[in-house]
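Coordinate inspection notes
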Amino acid sequence: MRSGWTMAGNWRERARTLKDEGWWLVSYCGLDALGLRGGSRFEAVAQFRHATEGHRCIHVVAEGDPPTIPSIAAIWPTANWMEREAYDMFGIVFEGHPALTRILMPDDWEGWPLRKDYGVGKVTVEFVPQPFLQIDAPGQASETDGAGREVDRLGQSGAPERHWGTAPGAADTAHEGSK
Amino acid sequence: MTSAQAIDKLERDGHGAYVESYDPDAQRMTLNMGPVHPATHGVLRLLLELDGETVMKCEPIIGYLHTGMEKECEDQNWRQAVTIVTRMDYLAQFSNELVYSRAVDRLLDIDVPPRGRYIRVLMSELNRLSSHLVWYGTQGLDMGAMSALFYGFREREVIQDFNEMVTGLRMNNGYIIPGGVWEDLPDGWEPAVESILALMSRRIEEYEELLTFNPVFLERTRGVGVISKEVALALGASGPIARASGIDLDLRRDAPYEVYDKLTFDVPTLTEGDVYARYQVRMIEMRESLKILRQVVDGMPGGDYKNMDPKLTPPPRSELNRSMEAVIHHFKLMTQGYTVPEGEVYEAVESPRGELGCYTVSSGGTAPHRVHVRDPSFANLQLLPPAAIGGLVADLIAVIASLDPIMGGVDR
């Protein structure tokens, strides 16, 4: 793959030259190079196509904190949503973008989901204790705990026994413990 | 606001709950279309500013189906990530699997046996047919021709049955994998494809009879939602939408992959750029797909269907009883998967909706460092405002259907 690198400062100029040479932008996405190689961390990766010269790829190295890259949405309007996506996922700020807002995540979302230090599964799920779904009439309580309260097999006191039905022929042994 | 006040407000302003605001002086109404609306093809929300029936502003708001699949891919090994990408554009599942697998093939620098390549093309061309059938049905339905929906889905069902016969699943197949395809074609695949080909060439005639010269359909699609060549180029259109606007671009012909360089087919290009042109392009494409399928069936070679490198492909079940090495290889592949050399690659294929690209980065481990899918629906949806503004709300429905966006691919 034909790859090139450019610093954010030179990017707009380079993009204009590419456009004059007849390249058009097909894909533009963010990349977090943490752990991939030394040096810069955030990049935007642009893929170009040409009628005769095929395909090429250019990495744009973001500068500063927050990582910043000049916007090319005025040169290729298709970059508008792609830059919004890279901002949404990596927090890369595209300077001069007409409306840089989150595009896929909710507007009030905190954090940048595709960054490498943003782990999956960090959103806590709240479990509300619910009594077990009662399918049949409540069965006989199976055991008692130390204080004499009835508990079911999972140790939940007060919850009715779960009854999933019994396999044919297993009816005699299924509730052995409760008798 | 109490309910009595709310009723008062409704009676005063004369509009319903979907209206965001109403400016009585300019007679402009801002309202939401979607995210749950039968004509927006999924969970697409449009913020519309209307002057009577005329669309003055149109802002697509996406993200309602975002499930973080690109992040999810980074947690799977290279083989497992196929099952994630196939769920992105769920109507073009084989194209998604193909582009990701091709990217990994190139990173691994491995060859796919000829039979594997032919099977990949066979499945993705059948997939193009079934995807266009869904488009045909929904385009007809949105234009008021409900029978089109039944016809489209009836034939799609035949192709879905073939998918089930080959892969075991109707959708989200996970069949095309790095190195080839997961399983060889089952016995009886050839008569099954032959019957699909015979059936479809007859049925496409019927579809054309139903809509192509239908006066109501012509009235509602000709000259509606015109996208000029300049706008299409600037906004990165690809696929049937670009070809209906006079951009002669098809990756199957311009950057041939798999076995497309050995196949002959035409790329339909029209210049009108309206909904009807997009309709015509897709109808011709379905016939071209049949031509390709004919050649694929005739040219299907024998031999391996996937790369049999033991470091990449688990050994056959029978080997596990005999060879300790086979057991070790099987265990390593199933528990941690194979490693892919460090590098980056961008691969693109022509999906039913346009250029489907996959930018993949490997850090040398057993899981991708980054998988970005350039989905054609995502880029094509940006064409909606220029195509819809200035038209009627009813035309907007026609335009959405003709862009054929799949929100699973847009939001990923």
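Since the structure is predicted, the reported quantities are computational estimates derived from the model, not experimental observations.

Here we come to helix H2 (residues 79-90) of chain A. Residue and element names in this part refer to chain A. Counted at 1.5 Å a residue, the expected span for H2 with its 12 residues is 16 Å, and the 16 Å between its end C-alpha atoms agrees. Where burial is concerned, most of H2 is hidden: 11 out of the 12 residues are buried. Ala79, Trp81, Met82, Glu83, Arg84, Glu85, Ala86, Tyr87, Asp88, Met89 and Phe90 are the residues of H2 that are buried. One or two positions beyond H2, positive phi appears at Gly91, with a value near 70°.

All right, on to the pattern of salt bridges then. Residue and element names in this part refer to chain B. Evaluation of the coordinates by the stated rule reveals 39 salt bridges over all chains. One salt bridge connects Arg203 with Glu206, and the closest N-O pair in it is separated by 3.7 Å. Here Glu206 and Arg203 lie together in helix H7 (residues 189-211), a separation of three residues that amounts to about one turn. On the basis of relative accessibility, which here comes to 16%, the residue Arg203 falls in the buried class.

All right, on to the pairing of strand S1 (residues 3-7) of chain A then. All names here are of chain A. By the alternation rule, side chains of S1 split into Gly4 and Thr6, which are all buried, and Ser3, Trp5 and Met7, of which none is buried. Bridge count for S1 against strand S4 (residues 54-61) is five bridges, and the pairing is parallel. Bridge pairing links Thr6 to Val60 in S4.

Moving on, we get to the side chain of Glu97(B). All names here are of chain B. Tracing the sequence through the fold places Glu97 in helix H4 (residues 93-108). Lacking a salt bridge, the buried Glu97 has Arg87 as its closest oppositely charged neighbour, with an N-O distance of 7.2 Å. A distance of 2.7 Å separates a polar side-chain atom of Glu97 from the backbone nitrogen of Gly174. With residues near it in sequence (within four places) discarded, Glu97 still touches Val82, Val85, Thr86, Asn173, Gly174, Tyr175 and Ile176.

Under the defined criterion, the tally for this structure stands at 15 aromatic pairs over all chains. A centroid spacing of 6.4 Å and a plane angle of 65° characterise the contact between Trp135(B) and Tyr136(B), whose relative ring orientation is edge-to-face. Both residues of the pair, Trp135(B) and Tyr136(B), belong to the buried class. Chaining the aromatic ring pairs together yields one cluster made of Trp135(B), Tyr136(B), Tyr207(B), Phe217(B), Tyr276(B) and Tyr279(B). One Lys or Arg, Arg56(A), reaches over the ring of Trp23(A) and ends 5.3 Å from the middle of that ring. Above the ring of Trp182(B), the side-chain terminus of Arg79(B) is found at 4.8 Å from the ring centroid.

Note: predicted coordinates in regions of low pLDDT should not be interpreted at a detailed level. All names here are of chain A. Predicted confidence across chain A gives a mean pLDDT of 75, with 66% of residues reaching 70 or more. The element-level mean pLDDT for chain A is lowest in helix H3 (residues 171-174), coming to 45, with strand S5 (residues 68-70) highest at 93. Note that pLDDT drops below 50 for residues 136-142; the model gives that stretch 10 contacts with residues more than four away or on any other chain. Long-range and interchain partners of residues 167-179, a stretch whose pLDDT sits below 50, account for nine contacts in this model, where long-range means more than four residues apart.

Moving on, we get to the pairing of strand S7 (residues 343-351) of chain B. All names here are of chain B. For S7, the buried fraction is high: seven of the nine residues fall into the buried class. Pairing of S7 with strand S8 (residues 354-362) involves nine bridges; the strand directions are antiparallel. Its bridge partner being in S8, Glu350 is matched across the sheet by Glu355.

Glancing now at the interface of chain B and chain A. Each partner contributes to the interface: chain B provides 36 residues, whereas chain A provides 36 residues. Buried area between chain B and chain A, summed over both chains or domains, comes out near 3000 Å², and the portion from carbon and sulfur atoms is 61%. Of all residues in chain B, Lys71(B), Tyr346(B) and His369(B) give up the largest surface area on contact with chain A, accounting jointly for 21% of the area buried on that side. In this assembly, chain B and chain A are joined by three salt bridges. For the interface between chain B and chain A, the tally reads 14 residue pairs in polar contact (both at pLDDT 80 or more). Elements represented by at least two residues in the side of chain B that touches chain A include exactly helix H2 (69-73), S7, S8, strand S9 (370-374), helix H15 (376-380) and helix H18 (407-411) of chain B. Here the side of chain B that touches chain A is built from residues that sort into 16 nonpolar, eight polar and 12 charged.

What counts and what doesn't
Residue positions are counted from 1 within each chain, in the order its sequence is given. Here every chain gets a letter starting at A, and every ligand a number starting at 1, in the order they are written. Given that this is a predicted model, residues contribute local features only at a pLDDT of at least 70 and side-chain atom pairs are listed and counted only at 80 or more, while totals for whole chains, interfaces and linings are drawn from all residues. Side-chain numbers here rest on the full set of heavy atoms in the structure, without hydrogens or water. We count a stretch as a helix when DSSP gives it H or I for four or more residues in a row; a strand needs E for two or more, and each element gets its number in order from the N terminus. How far a helix is expected to stretch is found by multiplying one less than its residue total by 1.5 Å. Think of it in three bands: with a 1.4 Å probe and only protein chains considered, a residue is buried below 20% of the maximum accessible area for its type, exposed above 50%, and partly exposed in between. We define a salt bridge as a contact between a side-chain nitrogen of Lys or Arg and a carboxyl oxygen of Asp or Glu at a distance within 4 Å. At least two bridges found by DSSP between two strands is the condition for calling them paired. Residues counted as positive are Lys and Arg, residues counted as negative are Asp and Glu, and His and the chain ends are not counted. Two N or O atoms count as a polar contact when they lie within 3.5 Å, although within protein this holds only if one can serve as hydrogen donor and the other as acceptor, and sequence-adjacent residues are included solely when both atoms are side-chain atoms. Pairs of residues are marked as contacts when any of their non-hydrogen atoms sit within 4.5 Å. Under the pairing criterion, centres of Phe, Tyr and Trp rings, with the six-membered ring standing for Trp, must be within 6.5 Å; the plane angle then separates stacked pairs below 30 degrees from edge-to-face pairs above 60, leaving the rest tilted. Either the NZ atom of lysine or the CZ atom of arginine qualifies as a charge over a ring when it sits within 6 Å of the ring centre and within 35 degrees of the ring normal. Residue-level confidence of the predictor, termed pLDDT, takes values from 0 up to 100. Buried area: the accessible surface (1.4 Å probe) lost by two parts on joining, summed over both. Polar here means any residue other than Ala, Val, Leu, Ile, Met, Phe, Trp, Tyr, Cys and Pro, which are nonpolar, and Asp, Glu, Lys and Arg, which are charged; Gly is therefore polar.

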